[in-house]
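# A structural walkthrough
Spelled out, the chains give:
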Amino acid sequence: MKYDYKAIEKKWQDIWEEKGVFHALNDYTKPKFYALIEFPYPSGSGLHVGHGRTYTALDIVTRKRRMEGYNVMYPMGWDAFGLPTENYAIQHNIHPAVVTEQNMVKFKKQLKALGLSFDWSREIDTTDPEYYKWTQWIFLKMFEKGLAYKKEMAVNWCTGCRVVLANEEVIGGVCERCSGEVVRKVKSQWMLKITQYAERLINDLDTVDYIERVKAQQIHWIGRSTGAEAEFITTAGDTLTVYTTRPDTLFGATYMVISPEHPYLEKWSGKIKNMDEVRAYQHNAAHKSDFERTEVAKDKTGVRLIGVNAVNPVNDTEIPIFISDYVLMSYGTGAIMAVPGHDERDWEFAQKFGLPIVEVVKGGDVTVAAFTDCDTGLMVNSGFLNGLSVEDAKKKITKLLEETGKGRPKVNYKLRDWIFSRQRYWGEPIPIIICEKCGYVPLKESELPLKLPEVESYKPTENGESPLAALDSWVNVVCPKCGLQAKRETDTMPQWAGSSWYFLRYCDPHNKNAIASREALEYWTPVDWYNGGMEHTTLHLLYSRFWHKFLYDIGAVPTSEPYAKRTSQGMILGENGEKMSKSRGNVVNPDEIINTYGADAVRLYEMFIGDFEKAAPWSSTSIKGCNRFLDRVWALQELKILDGGYSNELESSFHKTIKKVTHDIESLGYNTAIAALMSLINEIYGIKCITKEEFKTFLILLNPFAPHISEEIWEQQGFGGMITSQKWPKYCDEKCKDDVVELAVQVNGKIRARIEISADEPKESVLKLAKNMPELHVHIAGKILAKEIYIPGKLVNFVVK
RNA sequence: GCGGCUAUGGCGGAACUGGCAGACGCGCCAGACUUAGGAUCUGGUUUCGUAAGAAGUGGAGGUUCAAGUCCUCUUAGCCGCACCA
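Source: prediction; values computed, not measured.

Here we take up the overall build of chain A. The number of helices and strands found in chain A is 25 helices and 32 strands. When its C-alpha atoms are laid out on the principal axes, chain A stretches across 100 × 85 × 50 Å. Out of the 801 residues in chain A, the part that is buried amounts to 54%. Partitioning the intrachain contacts of chain A with sequence separation of at least 6 by distance along the chain shows that 72% fall at a separation of at least 24. Accessible surface, chain A as shown: approximately 34700 Å² in total, 51% of it carbon and sulfur.

Here it is as structure tokens:
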């Protein structure tokens, strides 16, 4: 009888759902396991095979953990606010909520067809007012603590989407989503002070189990650097403060550069003699998009300020000041001391403008290139620093700056505050009222959720306001504080808001009084294992750590980190090795392949496709191998099935396989776990019979990977109960060992023979037996035996001369 | 430029703290069974060589009895960031 996957898979999916087999229990006395995957954005194009890889991986882990006796929570939900839905709504004039609903239904059906063991009783949706009530609540808490603030600032304005983008959404100078040109535009924006948590976001990585590349990328993104601030008196009277990581080179500072946006320029306008030229440069810089600004990065431009100079605080030399757009207002102080001898950018600039280059660290030739090495050279031309190493000079000069009040040690971060406003409809409304008299007034908690109103058009207005701004009845309110006429904030929150805390809501998804009950949070958090894409490392993953830390600080959650463990899967590429995309025409439709091969084969193949952490191209022929394997599993039923426990022939193989599968599932070795099961079945077919115990064990080991077929065979064989409620098999290290082992026999490291011996044969005896093998005679005879090496279970090596 | 990673048969990939390179699967070859097939089963399949044997994990050195694995240098590719002082 052939395996009828279509009927059987549906049958078990329905039974699992009906019986609520995968519901997490609210029994807080059992050991818990909280597995989390990134909840999807329910896009119109439906599930991607890449989703399958992530979800199946943790599905395997959770199915195993349930059999190991854990109370497992593996929840699912929808990260449903976002631009694509809104754009679709605009195009087709359908309410985004309707589009979202349709997409969720489609996704859910696809997920169920894969046999994923999600607990659907905890399903959440970020666009549900009962959910975003708490997103708004967290925002208000941040506002209350001064972490949410409004600021006029130059932002990334996408000319395509007509919306403000976060730095993270600008890729190579263009919009991540529409590839439209991004220009700088000054707008008043809500900001979240993620920078206040920069230090902790770095340091606390030591307390979590994230794969190294995630940690490295976050650390790099936060970009901590240590150095010093130094103050330069100017001839205009003001003090110009700079930040430098090389305070040791202060004697080599031969000029200064300030950003074109530096506020001093306006202040000094009366003293700067070439102000026209300066203004022209400022104008030019402001109208360059970030893209253009980085494009011209190779060639330095700038203007010297005529009429204002600065004085180097260590040698009292008067030095010129320039403006140049290679100095950013948004990092450090917006001003630098230029040390052309030891900084490549300064060197380039100095060359172009004919400025003096002074060597202060010996080791290179500063007339040819900047010498930036900090480890080898000693200080020169630097007064009291002469002869010191760079490291010592840094310490000494920083101490002196501090003592004389001309500077101080300083730590800087590349991380910027998070631009939190979007001028769009399909997002959480920001629950703030703007009153001319009282300023920004938060809504009362009792007024949450502040629901999205119905609007006529979802299009942003031409001047970049949210569509909500056009709705007078919604915008015009009375100030809750003073009772005068006031206006609502019309910006909404970014796509990242709802996902910054969703894992907390799963713990207690229907709670009306809090994000989740204290007991639920105490029990379930932190997430034990979070798997997701590398592309979220510096976005969602960082944002949610920030929110979680904030919630911890106000006592709302019991742990300071949200996720105990983070792993990341590689992408599934198209058959041609390129990224799957509609435009490349290499997209694999999961519905089709489930239809052709069944969910178990798809699950198996997605896990077998390659190293879980690496990208792997899809292969429409390789999946057949997994299909064949399942057919062979099904056909085990036609073998002679004997009563009793493990047979002598297979006992050690079974113990080895249990051990391998048990460990591989925990260490992302899904491909090798499946390979082990394939090897085992090959062995079983070699013997042509199987015992009940062996059959049961095999099915249980296979169950996490191929849940439907294992469940069905279990039932047909009458093994009792459902396979999902069985116990995970145990192995015994003693029994993993073979009685007879084959050793390689080497002479000078080259294999000359093989020998089969009993595993407990003593060393002397093994060496003696090996030495006397006829194959070795040619290689040993007449030579001096210098060394004998015996690695039990592996090899013997004779070193001869 | 900075940070991270990768390189192993025709292909995807195995190889724990250095210890038999190529597990497992695809593909391919041969055979079996067949109301002839893109089904199933059995065997084979790193390369060169009839063979004995030799070579072999991007390249060049090195350490070691022994290197895909460790060290030095180098090449190519991928991902992220990028004038961050």
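Back to the write-up after that little detour.
Below, the discussion takes up helix α11 (residues 344–353). Those residues of α11 that fall on the buried side of the exposure criterion are Asp-346, Trp-347, Phe-349 and Ala-350. One side of α11 carries all its buried residues, which in axial view fall inside an arc of 165°. Buried residues along α11 sit in contact with β13 (255–258), β15 (318–323) and β16 (335–338). Directly after α11, the chain includes Gly-354, whose backbone phi takes a positive value near 65°.

Hydrogen bonding along the main chain pairs the strands of a sheet, whether they run parallel or antiparallel. The four strands are arranged β30-β29-β32-β31 in an open sheet whose pairing can be described as mixed. Only two strands of the sheet have a single partner each, and these edge strands are β30 (750–758) and β31 (785–791). Direction aside, the axes of adjacent strands within the sheet are offset by 20° on average. As defined by bridge partners, strand β29 (residues 740–747) adjoins β30 across eight bridges and the pair is classed as antiparallel. By the bridge assignment for β30, Val-741 is matched with Ile-757. Docked against the sheet, helix α24 (residues 763–771) engages β29, β30, β31 and β32 (795–800), running at close to 120° with respect to β31.

Below, the discussion takes up the pattern of salt bridges. Evaluation of the coordinates by the stated rule reveals 44 salt bridges. The partner of Asp-738 in a salt bridge is Lys-656, with the nearest N and O atoms 2.9 Å apart. With Asp-738 in the loop between α23 (707–716) and β29 and Lys-656 in helix α20 (residues 651–666), this residue pair connects regions lying 82 residues apart in the sequence. Here Asp-664 and Lys-660 are joined by a salt bridge, their closest N and O atoms 3.0 Å apart. Linking Asp-664 with Lys-660, this pair stays in helix α20, spanning four residues, or about one helical turn. Relative accessible area serves as the criterion here: at 9%, Asp-664 is assigned to the buried category. Overall, Lys-660 belongs to the partly exposed group, its relative accessible area being 35%. One salt-bridge network, in which partners are shared between bridges, spans Lys-64, Arg-65, Glu-68 and Glu-666.

Rules of the game
- Residues numbered from 1 in each chain as written.
- Chains lettered and ligands numbered in written order.
- Predicted model: local features only at pLDDT ≥ 70, side-chain atom pairs only at ≥ 80, totals over all residues.
- Heavy atoms only, no water.
- Helix = DSSP H or I, 4+ residues; strand = E, 2+ residues; numbered from the N terminus.
- Buried < 20%, exposed > 50% of the residue type's maximum accessible area, 1.4 Å probe, protein only.
- Contact = heavy atoms within 4.5 Å.
- Areas by Shrake-Rupley, 256 points an atom, 1.4 Å probe, with all protein chains shown as cover.
- Arc of directions from axis to C-beta.
- Pairing = 2+ DSSP bridges.
- Axes fitted to C-alpha atoms, helices over the stretch in contact; angles between N-to-C directions.
- Salt bridge = Lys/Arg side-chain N within 4 Å of Asp/Glu carboxyl O.

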